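# Notes for the structure review
Next come the chains, spelled out residue by residue.
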Amino acid sequence: MSNAVDLGFFDAIQASMENEATTKDNIRSAVRELDRTNRNITAVLNRVHSSSKDQVPALCAQARIYFSDIQNHINDLTKLVPTHQYYKYNGLWSGPMQQACFLATLTMYLEHERLITVEELEGFFAVKVDLDNNITDFQISVEEFLHGVVSLTNELSRLAVNAVTSGDFSRPVRIGKFLKELYSGFQLLNLKNDSLRKRFDGIKYDIKKVEEIIYDLTVRKLIVANTEPVQEATSTGADVNA
Amino acid sequence: MEDVHMETPPASLAELAESPLTAQQPITEQRHASKEDMIRSNLGKSIVQDFGYFRDILEEHHDRRERIIKVSRDINNFSKKMIFALHRAEPRDYLPQFSAVSEALIEFKEKHTTVLKLFHRVAIDLQASNYYRYQRSVSGAMQEYIEAMTLEYYLVHGKLMPKSALEAELVFTTTSEQMANPDLIIAIGQSFGSEANVADGSTSATPASPIIIETDQTSSAPVTAASSPTVQLSLEVTDEDYLLGIADLTGELMRLAINTLGQSLMPTLQEEDNSILSPEHRVQHILQFLRDIKSGFDGLSLTKMSPISKKMGVLRQSLQKIELACYNVKVRGAEYPPEVLRQMLMSGQDLGGGAGGDSGSAGNEDEE
């Protein structure tokens, strides 16, 4: 009667659950490395708020050195994820990956004052972005990228404040223009009631903040209303308008 | 269009090469590649255009999840009905010579066929990485199905159904027409209205198909229909779903045991043919089966967070309830007339047993 339940089967399940726990632990430690490098880059890029604008390229160059470490960490992670099981473990790295996307997006903005392209993002991490739901192994999901873009809007509104403090009055104007463009992009998305939606709802406060800065500057005639400051109309700035 | 890709995961390219799909393979790949290439070549021109593509990508994902949730709900409903049918059947119905004429078991089989078709339909959306992407949306339905199947297996074979036997049923041969139009497999969303239609003749096109899933493939369906290649789709049963399904099974076994115990007190049913075990023996068998399952679960090292450990409480309750019921029959058997005792048993089950069983299934419905 007692052979109705094959206890060997439970042993097999126990073994496979232990395997899974090991995989998760390995992924967690790889993600921890990724997170550490993320924080290094964040520390470097944080200095942009207290630097003059001609120091920015040097900061970006310094950040870019760390991105090769990020590539290595992601490469380690890639090897740990079994084929077709990306979403089984996705929750373990999604947060740090969003942060890494944000950092790449911010670096790119500081260098060229435009939104990073998917191709450039892939270049930063040496991983593809999943554009057609055809993941087999590790990829970056569009959601993760968009989370990074939302973080960018938040960071740029802060940068707008600090640019004024350090005497750069034209930057808030450019940031304001860029954020509005991003916002109209986000408005195209039909977001469900998920975390991306909640964070998207916050973008308008970032825009409001930048608009208030521009108002303050305009009222005091520190910038000329509706006119791009002449010296700032660089070729990279024109890209955004294209 | 994503489905087309899903039928050709790189892992199985080798085996597919031998299949009749070979002729069609390059076409699919090419069409698929061109879609991603098309997106790629258009990206980076303007923010608004890029976000338009992102919207499409996200929308595809949300639509797919909606479809999966809808089918899962149907699977859940039909699985519950399968379980009800099993409880309605008499013990002798499970003997091979009677199973074909038992009304309850015929109903079970009809529902089973329907559920398999529903799984077939949902399998299209759950290939390759998508299985784990949407796993939380189907796992509730999967557990309910496992509960029904393991209960039937126990009633027929007196054993625990192995996971491999469950998975063996979840392999589907799909034609490209079915890939393009899942309504050909089974139309969904009818489990409440005209379920009879779905149950017996779902192969025939349902007149008012409530949900038509539009895919880009539809346009290219005629091309592929000519060769009509088939693809094997399979669904994996995860260890966790299997264990949770078994945990739910224990609640059903408890119900079964109490009912059987009640039967043992009915004098009219005592003189049955001796090809089946007496009710007392059947209760003892269920009890032993449950104890075996419990010792299997007890051997697993689970974290407190695991949903399985939450269900362990239900398992323990079910077991104790049967043990207590057996005790009561033994102790008070001589004091009350059998009919009164039986009433006591049944009402006891309604109070405690019902709650235990419901909390198990309520957990499933909470998913997504």
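Residues numbered from 1 in each chain as written. Chains lettered and ligands numbered in written order. Predicted model: local features only at pLDDT ≥ 70, side-chain atom pairs only at ≥ 80, totals over all residues. Heavy atoms only, no water.

### Re the overall build of chain B
Put simply, the rule is: Runs of E in the DSSP output that reach at least two residues are strands. Runs of H or I that reach at least four are helices, and both are numbered from the N terminus. Only heavy atoms enter the contact rule, under which two residues are in contact if any of them lie within 4.5 Å. Residue burial considers only the protein chains on display, and all accessible areas are found by Shrake-Rupley using a 1.4 Å probe.
Helices and strands together make up the secondary structure of chain B, namely 16 helices and two strands. When contacts within chain B are restricted to residue pairs at least 6 apart in sequence, long-range pairs at least 24 apart make up 78% of them. When the accessible area of chain B is evaluated, it comes to approximately 16,500 Å², of which 56% is carbon and sulfur surface.

### Comments concerning unusual backbone geometry
Across residues other than glycine, the phi torsion is negative in most instances, and most of the peptide bonds are trans. All names here are of chain A. Stated formally: Accessibility here uses a 1.4 Å probe with only protein chains present; expressed as a share of the type maximum, an area under 20% marks a residue as buried, one over 50% as exposed, and anything in between as partly exposed.
One non-glycine residue, Ala-126, lies in positive phi territory at about 55°. Relative to the assigned elements, Ala-126 resides in the loop between α4 (118–125) and β1 (129–130). Not every positive phi belongs to a glycine, and Lys-221 is a case in point at roughly 55°. Owing to a relative accessible area of 73%, Lys-221 belongs among the exposed residues under this scheme.

### Examining the packing of helix α8 (residues 135–157) of chain B against helix α13 (residues 239–264) of chain B
The description of two packed helices rests on the angle between their axes and on the distance between the axes. Residue and element names in this part refer to chain B. We apply this condition: Only the contacting stretch of a helix is used when fitting its axis, a line to C-alpha atoms as for every element, and angles between N-to-C directions run 0 to 180 degrees. When an angle is under 35 degrees it counts as roughly parallel; over 145 it counts as roughly antiparallel; between 65 and 115 it counts as roughly perpendicular; any other value is oblique. By definition, turning the near helix anticlockwise from the far helix through less than a right angle yields a left-handed crossing, and turning it clockwise yields a right-handed one. For this classification, the nonpolar set comprises Ala, Val, Leu, Ile, Met, Phe, Trp, Tyr, Cys and Pro, the charged set comprises Asp, Glu, Lys and Arg, and every other residue, Gly included, is treated as polar.
Between α8 and α13, the shortest axis-to-axis distance is 8 Å and the interhelical angle comes to 45°. Between α8 and α13, the interaxial angle falls into the category oblique. For the crossing formed where α8 meets α13, the hand is right-handed. Across from Gln-135, Ser-139, Met-142, Gln-143, Ile-146, Glu-147, Thr-150, Leu-151, Tyr-154 and Leu-155 in α8, the residues of α13 making contact are Asp-241, Tyr-242, Leu-244, Gly-245, Asp-248, Leu-249, Glu-252, Leu-253 and Leu-256. Of the residues in the contact of α8 with α13, the class split is ten nonpolar, five polar and four charged.

### So, the interface of chain B and chain A
Keep this limit in mind: Accessible area that two parts lose when put together, evaluated with a 1.4 Å probe and summed over both, is termed the buried area. A carboxyl oxygen of Asp or Glu within 4 Å of a side-chain nitrogen of Lys or Arg is what we treat as a salt bridge. Polar contact criterion, stated in full: a pair of N or O atoms within 3.5 Å, where within protein one must be able to donate a hydrogen and the other to accept it, and residues adjacent in sequence count only if both atoms are side-chain atoms.
Taken together, the 54 residues of chain B in the interface contact 47 residues of chain A. Carbon and sulfur atoms make up 66% of the area that chain B and chain A hide from each other, which totals about 4,500 Å². If you look at where chain B meets chain A, you find one salt bridge. The shortest N-O distance in the salt bridge between Glu122(A) and Arg40(B) comes to 2.7 Å. The interface formed by chain B and chain A contains seven residue pairs in polar contact (both at pLDDT 80 or more). Counting residues per element, the ones that place at least two in the side of chain B that touches chain A are α1 (2–6), α3 (25–42), α4 (47–88), α7 (130–133), α13 and α14 (279–298) of chain B.

### Quick notes on the nonpolar core
Quick reminder of the rule: The criterion is simple. A nonpolar core is a set of buried Ala, Val, Leu, Ile, Met, Phe, Trp, Tyr and Cys residues joined through side-chain atoms within 4.5 Å.
If you look at the biggest cluster of nonpolar residues, it comprises 156 residues, and the most contacted ones within it are Trp93(A), Phe125(A), Phe119(B), Leu253(B) and Phe297(B). Those residues in contact with Phe125(A), other than ones at most four positions away along the chain, are Phe67(A), Ile70(A), Gln71(A), Ile74(A), Met97(A), Ala100(A), Cys101(A), Ala104(A) and Ile140(A).

### Some points on helix α2 (residues 56–80) of chain A
Under the convention used in this document: Between the first and last residue of a helix there are one fewer steps than residues, each counted as 1.5 Å, and that sum is the expected span.
Taking 1.5 Å as the rise per residue, α2(A) with 25 residues should run 36 Å; its terminal C-alpha atoms sit 36 Å apart, in good agreement. Restricting attention to buried positions, one finds in α2(A) the residues Val56(A), Leu59(A), Cys60(A), Ala63(A), Phe67(A), Ile70(A), His73(A), Ile74(A) and Leu77(A).

### Focus: the state of the cysteines
Disulfide: a covalent bond formed between the sulfur atoms of two cysteine residues. Residues and elements named next belong to chain A. As a reminder of what qualifies: For the purposes of this analysis, a disulfide is any pair of cysteine sulfur atoms at a distance within 2.5 Å.
Summed over the entire model, instances satisfying the criterion amount to zero disulfides over all chains. Cysteine Cys-101 remains unbridged, with the sulfur of Cys-60 as its closest cysteine sulfur at 17 Å. For Cys-101, a relative accessible area of 0% puts it in the buried group.

### Quick word on the side chain of Ser318(B)
One can find Ser318(B) in helix α15 (residues 307–332). With residues near it in sequence (within four places) discarded, Ser318(B) still touches Thr250(B), Gly251(B) and Met254(B).

### Some remarks on the confidence of the model for chain A
Note that predicted coordinates carrying low pLDDT should not be read in detail. Residue and element names in this part refer to chain A. In plain terms, the rule: Confidence per residue, as judged by the predictor, is encoded in pLDDT with a range of 0 to 100.
On average, residues of chain A carry a pLDDT of 86, and 90% of them reach 70 or more. Within chain A, helix α5 (residues 142–165) carries the highest mean pLDDT (93), whereas helix α8 (residues 235–241) carries the lowest (42). For residues 232–242, every residue scores under 50 in pLDDT, and the model assigns this stretch 13 contacts once sequence neighbours within four places are set aside.

### Details of the packing of aromatic side chains
Our working definition: Ring pairs are drawn from Phe, Tyr and Trp, using the six-membered ring of Trp, whenever the two centres fall within 6.5 Å, and their geometry is named by plane angle: stacked under 30 degrees, edge-to-face over 60, tilted for the rest. Charges are assigned to positions over rings by a cutoff of 6 Å between ring centre and Lys NZ or Arg CZ, combined with an angular limit of 35 degrees from the ring normal.
Applying the stated rule across the entire model yields 17 aromatic pairs over all chains. With 4.3 Å between their ring centres and 15° between their planes, Tyr154(B) and Phe289(B) make a pair best called stacked. Remark: Phe289(B) occurs in helix α14 and Tyr154(B) occurs in helix α8; sequence separation between them is 135 residues. Counting every residue linked through ring pairs, the aromatic cluster contains Phe145(A), Tyr183(A), Phe186(A), Phe200(A), Phe51(B) and Phe54(B). The residue whose ring lies beneath Lys81(B) is Phe78(B), and the NZ or CZ to ring-centre distance is 5.4 Å. Here Arg92(B) stacks its cationic end above the ring of Phe98(B), 4.3 Å away from the centre of that ring.

### Thoughts on the side chain of Gln127(B)
Residues and elements named next belong to chain B. Checked against the element boundaries, Gln-127 lands in the loop between α6 (103–124) and α7. Side-chain polar atoms of Gln-127 contact the backbone oxygen of Ala-123, separated by 2.9 Å. Here the side chain of Gln-127 touches Ser-234 through a polar contact of 3.4 Å, landing on its backbone oxygen.

### Side note on the environment of Gln135(B)
All names here are of chain B. Position of Gln-135 among the secondary structure elements: in helix α8. For the pair Gln-135 and Asp-241, spaced 106 residues apart in sequence, the C-alpha separation works out to 10.0 Å. Setting aside its immediate chain neighbours within four residues, Gln-135 contacts Thr-238 and Asp-241.

### Here's the deal with the environment of Leu121(A)
Take Leu121(A): it is sitting in helix α4. Considering only alpha carbons, one finds Leu121(A) and Ile27(A), 94 residues apart in sequence, at a separation of 22 Å.

### Regarding the pattern of salt bridges
Side chains bearing opposite charge may pair, as long as their charged atoms lie close to each other. Residue and element names in this part refer to chain A. Enumeration over the complete set of coordinates arrives at 25 salt bridges over all chains. The shortest N-O distance in the salt bridge between Asp-168 and Arg-171 comes to 3.9 Å. Residue classification places Asp-168 among the buried positions, given a relative accessible area of 8%. Linking Lys-180 and Glu-211 is a salt bridge whose minimum nitrogen-to-oxygen distance equals 3.6 Å. Remark: Glu-211 occurs in helix α7 (residues 195–219) and Lys-180 occurs in helix α6 (residues 170–187); sequence separation between them is 31 residues. Several salt bridges converge on common partners, so that one network encompasses Glu-113, Asp-168, Arg-171 and Arg-174.

### What to know about a nonpolar patch on the surface
Basically, it comes down to this: Residues enter patches when they are more than 30% accessible in relative terms and free of salt bridges; like-charged ones are connected within 9 Å and nonpolar ones (Val, Leu, Ile, Met, Phe, Trp, Tyr) within 5 Å.
On the surface, a cluster of nonpolar side chains totalling about 300 Å² of accessible area is made up of Leu324(B), Tyr327(B) and Val331(B). The exposure class of Tyr327(B) is partly exposed, given its relative accessible area of 47%.

### Side note on the pairing of strand β2 (residues 230–234) of chain B
All names here are of chain B. This is how it is decided: Two strands make a pair as long as DSSP finds a minimum of two bridges between them.
Only one face of β2 is buried: it carries Val-231 and Leu-233, and the other face, with Thr-230, Gln-232 and Ser-234, is open. Of the pairings in the sheet, the one linking strand β1 (residues 171–175) to β2 comprises five bridges and is antiparallel in character. The partner of Thr-174 across the bridge, within β2, is Val-231.

### Considering the confidence of the model for chain B
Of all residues in chain B, 71% attain a pLDDT of 70 or more, and the chain-wide mean is 74. Low pLDDT, under 50, characterises residues 1–30 of chain B; the stretch is placed with 51 contacts to residues that sit more than four places away or in other chains.

### Concerning the packing of helix α3 (residues 86–112) of chain A against α4(A)
Residues and elements named next belong to chain A. Between α3 and α4, the least distance of the axes is 10 Å, while the angle of their chain directions is 115°. Helix-helix and strand crossings are classified by hand; for α3 and α4 the assignment is right-handed. Residue-level inspection shows Met-97, Ala-100, Cys-101, Ala-104, Thr-107 and Met-108 of α3 in contact with α4, the latter providing Glu-120, Leu-121, Phe-124 and Phe-125. Grouping the amino acids of the contact of α3 with α4 by side-chain chemistry returns eight nonpolar, one polar and one charged.

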